[in-house]
Amino acid sequence: MSEAPVVQRPVSAERIHPGGLDLLVVPPRARTGWRVLPARGGAMCAVELQKLRHDRTELYTRAVQPALWLLIFGETFTRIRAIPTGGIPYLDYLAPGIIAQSAMFIAIFYGIMIIWERDAGILTKLLVTPTPRSALITGKAFAAGVKALIQAVVVVVIAALLGVAMTWNPLRLLGVAVAVVLGSAFFSCLSMTIAGIVLTRDRLMGIGQAITMPLFFGSNALYPVAVMPGWLQAISKVNPLSYQVDALRGLLLGTHAHLALDYGVLALAAALGILSASSLLGRLAR
């Protein structure tokens, strides 16, 4: 009498790889608490920077204006020596101010982009995701900072070609990058805050054009605070651009600067800008 064939039981996957199917049946643990904001903010920043791969025209066109400031305004006032700069050639004195100016000009119209996203229906889709509104604003703000940083590199190269005596110390250049990003984050949040108030691109363009030059001329980018009239000195002391220029000038040229105060003001301004823009984001999407 023949023996019945032995039926081999299939070896389970868990016996081969214990826990190997866990990822198929158990979703990865979601980030919670304080880890949500940097993770989602970093993702939004990466999405914003992806746009540069498709259109780099803005970077090229934005380099024209700072080049003209350095070539024409800087070279002319260096020759006539009309502005006291403490023994520093005026072109050297001007270069950090033009870096801050070009970064501000990129960031101050960032609200137009968020209005365009509202009109295209993108903003509404972003707001229904679990991403906090502060993370959306933070990502956009620091994407503006990275764009401004690219612009700052262009200005530094132009200034170096014109003979501006700047430091190339890596730590100081890192400090320059931090100052540029923080300042740009504030001005982009200021733009998005205004966008949340006026709600239209035309109004934002008008207000943006109305405040950029007062912010620029009401800072120490072109001349020392000591030569300003009293009322303009008061404006300069509450203007974040003045603190950004002071930090850039101290780091790049080695002049006396209040770096702790400068970075503190820039960080506080960026944080307040993120809070104000986040609070108005829902109004913009209605």
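Residues numbered from 1 in each chain as written. Predicted model: local features only at pLDDT ≥ 70, side-chain atom pairs only at ≥ 80, totals over all residues. Heavy atoms only, no water.

## Brief notes about the environment of Phe77
- Here Phe77 shows up in helix α5 (residues 64–80).
- For Phe77, a relative accessible area of 23% translates into the label partly exposed.
- Here the alpha-carbon distance between Phe77 and Leu94, two residues 17 residues apart in the chain, equals 9.7 Å.
- If we skip the residues at most four places from it in the chain, Phe77 touches Ala82, Ile83 and Tyr90. (Helix = DSSP H or I, 4+ residues; strand = E, 2+ residues; numbered from the N terminus. Buried < 20%, exposed > 50% of the residue type's maximum accessible area, 1.4 Å probe, protein only. Contact = heavy atoms within 4.5 Å.)

## Considering the pattern of salt bridges
- Scanning all chains against the criterion turns up three salt bridges.
- For Glu117, the salt bridge identified is with Lys140, shortest N-O distance 2.8 Å. Of this pair, Glu117 sits in helix α7 (residues 110–119) while Lys140 sits in helix α9 (residues 133–161), placing them 23 residues apart in sequence. Taken individually, Glu117 and Lys140 each receive the classification buried, so the pair is uniform in this respect. (Salt bridge = Lys/Arg side-chain N within 4 Å of Asp/Glu carboxyl O.)

## Here's the deal with α7
- For α7, the set of buried residues is Tyr110, Gly111, Ile114, Ile115, Glu117 and Arg118. Each buried residue of α7 sits inside an arc of 155 degrees when the element is viewed along its axis, so together they form one side.
- Once α7 ends, the next one or two residues include Gly121, with phi positive near 85 degrees. (Arc of directions from axis to C-beta.)

## Details of the confidence of the model for the chain
- A residue-level look at the chain finds 78% of positions with pLDDT of 70 or above and a mean pLDDT of 81.
- Element-level mean pLDDT values for the chain span from 46 in helix α1 (residues 13–16) up to 94 in helix α13 (residues 240–253).
- The low-confidence segment residues 11–17 (pLDDT under 50) makes three contacts with residues lying over four places distant or belonging to another chain. (pLDDT = per-residue confidence, 0-100.)

## As for the side chain of Ser102
- Within the secondary structure, Ser102 sits in helix α6 (residues 90–107).
- On the basis of relative accessibility, which here comes to 5%, the residue Ser102 falls in the buried class.
- Within polar-contact distance, the side chain of Ser102 engages the backbone oxygen of Ile99 at 2.9 Å.
- Residues within four places of Ser102 in sequence aside, it is in contact with Pro66, Gln151 and Val155. (Polar contact = N/O pair within 3.5 Å; in protein donor to acceptor, adjacent residues only side chain to side chain.)

## Quick notes on the packing of aromatic side chains
- Under the counting rule described, the total for this entry stands at eight aromatic pairs.
- Ring centres of Tyr90 and Tyr93 lie 6.2 Å apart, and the angle between their planes is 25 degrees; on these two criteria the pair is classed as stacked. Here Tyr90 pairs with Tyr93, and both are found in helix α6, just three residues apart, close to one helical turn.
- When its relative accessible area of 7% is taken as the criterion, Tyr93 is described as buried.
- Seen in terms of ring centroids, Phe186 and Phe187 are 5.0 Å apart; in terms of plane orientation they differ by 65 degrees. Their pairing is edge-to-face. One exposure class covers both Phe186 and Phe187, and it is buried.
- Among the aromatic residues, ring-to-ring pairing joins Trp69, Phe73, Phe77, Tyr90, Tyr93, Phe216 and Phe217 into one connected group.
- Looking at Arg249, its charged tip hangs above the ring of Tyr93, at a distance of 3.6 Å from the centre. (Phe/Tyr/Trp six-rings, centres within 6.5 Å; stacked < 30°, edge-to-face > 60°. Lys NZ or Arg CZ within 6 Å of the ring centre and 35° of its normal.)

## Topic: helix α14 (residues 259–285)
- When the terminal C-alpha atoms of α14 are compared, their 38 Å separation across 27 residues agrees well with the 39 Å that a helix rising 1.5 Å per residue should span.
- Its maximal kink placed at Ser279, α14 deviates by approximately 30 degrees.
- Among the residues of α14, those classed as buried are Asp262, Leu266, Ala269, Ala270, Gly273, Ile274, Ala277, Ser278, Leu281, Gly282 and Leu284.
- In this structure, the buried side of α14 is in contact with α7, α8 (122–127), α9, α10 (170–198) and α13. (Expected span 1.5 Å × (residues − 1). Bend = angle between axes of the 7 residues up to and from the residue.)

## Some remarks on the packing of α7 against α10
- Between α7 and α10, whose axes approach to 7 Å, the crossing angle comes to 45 degrees. The angle between α7 and α10 places the two elements in the oblique class. By crossing handedness, the relation of α7 to α10 is classed as right-handed. In contact with Tyr110, Gly111, Ile114 and Ile115 of α7, α10 contributes Ser188, Ser191, Met192 and Ala195. (Axes fitted to C-alpha atoms, helices over the stretch in contact; angles between N-to-C directions. Parallel < 35°, antiparallel > 145°, perpendicular 65-115°, else oblique. Left-handed = near helix turned anticlockwise from the far one by under 90°.)

## Examining the packing of α5 against α6
- Between α5 and α6, the shortest axis-to-axis distance is 10 Å and the interhelical angle comes to 155 degrees. Taken together, the axis directions place α5 and α6 in an arrangement best described as roughly antiparallel. Seen along the crossing, α5 lies across α6 with a hand that is right-handed. Counted together, Gln65, Pro66, Trp69, Leu70, Phe73, Gly74, Glu75, Phe77 and Thr78 of α5 and Tyr90, Leu91, Leu94, Ala95, Ile98, Gln101, Ser102 and Phe105 of α6 form the full contact between these two elements.
- Within the contact of α5 with α6, the residues separate by chemical class into eleven nonpolar, five polar and one charged. (Nonpolar A, V, L, I, M, F, W, Y, C, P; charged D, E, K, R; others polar.)

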